[in-house]
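# Coordinates in review
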Amino acid sequence: MQYDRLTHFDIELIKPLQPDGWPDITDAFRFYCKNDYCNPIKVSLDEKIIGIGSSIKFDKSAWLAHIIVSNDFRNQGIGFKIVDLLQNDIKKRGIDTSLLIATELGEPVYKKAGFRKVSDYRYFKKENDWIKKDFSKNIQPYKSDFYKDLILLDNYVSGENRERLLKNYLNESFVFVDNNVIQGLFIPNLGEGPIYALTPNAGKELMRFKYSSVDKATIPSENQTGIEFLKEFGFNETNTTGKRMIYGHDIEWKPTMIYGRIGGNFG
């Protein structure tokens with residue numbers, strides 16, 4: 001088996017690894033190949049790609065994502081080797097904290113690699129018609145004057161410095177402003193459309209705005225305000241589970257202020 005960096009030329013070749021129910025993995029790996037703070041890798045056997053994965057490196061934290069092994073080659077230590085290679089690269093860059101969201105299948109691999117569970121993500125799907133209501137006048141489209149405050153808001157909620165990720169998506173975001181103070185952020189075109197809010201009111205109003213046209217939601221189990229809101233407005237919880245896991249130093253994230261995640265690759 002050969003372990004190499006995955007490039008744009010490999011994108012079409014990873015399609016057979018697409019897991020059922022996941023968003024298109026080729027879109028994710030195009031992103032990883034395009035951005036220099038990502039490290040996509042592949043595992044090949046007889047010129048066939050049988051495993052993939054990537055890391056995303058921020059300032060003092062990193063994420064592991066899309067670690068997938070072909071069904072025909074599971075239980076051979078390939079997934080663990082991918083994790084090990086990505087982790088070694090992360091550590092060489094002086095980053096002490098790695099995070100990921102594990103499926104039930106992947107959790108044992110990550111535990112073996114030294115990751116520990118810190119939270120659960122709960123998944124919801126809208127089953128009933130949305131109750132149409134007017135949206136809050138506090139919701140405003142992005143302005144360049146908001147940029148610095150939004151980066152600080154994300155840093156406060158996530159516990160990470162993710163400016164290099166967010167900066168390309170903020171132009172199409174929406175902000176909840178009350179008395180000239182930014183209390184919430186919704187970024188529709190980044191992954192699943194994250195919502196971060198400093199107050200329950202800002203979080204619920206941005207959820208009302210988002211879920212008028214979106215029928216799936218994923219939020220941390222600690223955010224009971226968000227969970228109650230989803231159930232009130234026609235969402236049912238699914239059987240899908242996601243486990244947030246961490247390696248190394250803890251970070252001061254605030255799950256009660258996350259009303260919608262980016263995705264399985266960023267939390």
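Structure: above.
Below: a short report on this structure.

### Remarks on the sheet that holds strand β12 (residues 235-248)
The strand order across the open sheet formed by eight strands is β1-β2-β3-β4-β5-β12-β6-β11, and the pairing between neighbours is mixed. On the outer flanks of this sheet lie β1 (2-5) and β11 (216-220), each paired with one strand and no other. Adjacent strand axes in the sheet meet at a mean angle of 25 degrees, parallel and antiparallel pairs treated alike. Together, β1, β2 (38-45), β3 (48-57), β4 (61-69), β5 (97-102) and β12 form the strand contacts of helix α2 (residues 78-92), whose direction differs from that of β4 by roughly 160 degrees. Here helix α7 (residues 224-232) sits on the sheet and contacts β6 (116-126), β11 and β12; the angle it forms with β6, its principal contact strand, is near 20 degrees.

### Details of the pattern of salt bridges
In total, this model carries 14 salt bridges according to the counting rule given. Of the charged contacts, one joins E12 and R30 as a salt bridge, the two residues approaching to 3.5 Å between their closest N and O atoms. Note that E12 is positioned in the loop between β1 and α1 (25-34) and R30 in helix α1, a separation of 18 residues in sequence. Relative accessible area serves as the criterion here: at 34%, R30 is assigned to the partly exposed category. Several salt bridges converge on common partners, so that one network encompasses E12, K15, D27 and R30.

### Observations regarding the side chain of S173
Turning to its location among the elements, S173 is positioned in the loop between α5 (163-166) and β8 (174-178). Within the structure, S173 has its side chain in polar contact with the backbone oxygen of L170 (distance 2.6 Å). With near-sequence residues (within four places) excluded, S173 lies in contact with Q140, P141, Y142, L150, L185, F186, I187 and P188.

Definitions and limits used
- Residues numbered from 1 in each chain as written.
- Predicted model: local features only at pLDDT ≥ 70, side-chain atom pairs only at ≥ 80, totals over all residues.
- Heavy atoms only, no water.
- Pairing = 2+ DSSP bridges.
- Helix = DSSP H or I, 4+ residues; strand = E, 2+ residues; numbered from the N terminus.
- Axes fitted to C-alpha atoms, helices over the stretch in contact; angles between N-to-C directions.
- Contact = heavy atoms within 4.5 Å.
- Salt bridge = Lys/Arg side-chain N within 4 Å of Asp/Glu carboxyl O.
- Buried < 20%, exposed > 50% of the residue type's maximum accessible area, 1.4 Å probe, protein only.
- Polar contact = N/O pair within 3.5 Å; in protein donor to acceptor, adjacent residues only side chain to side chain.

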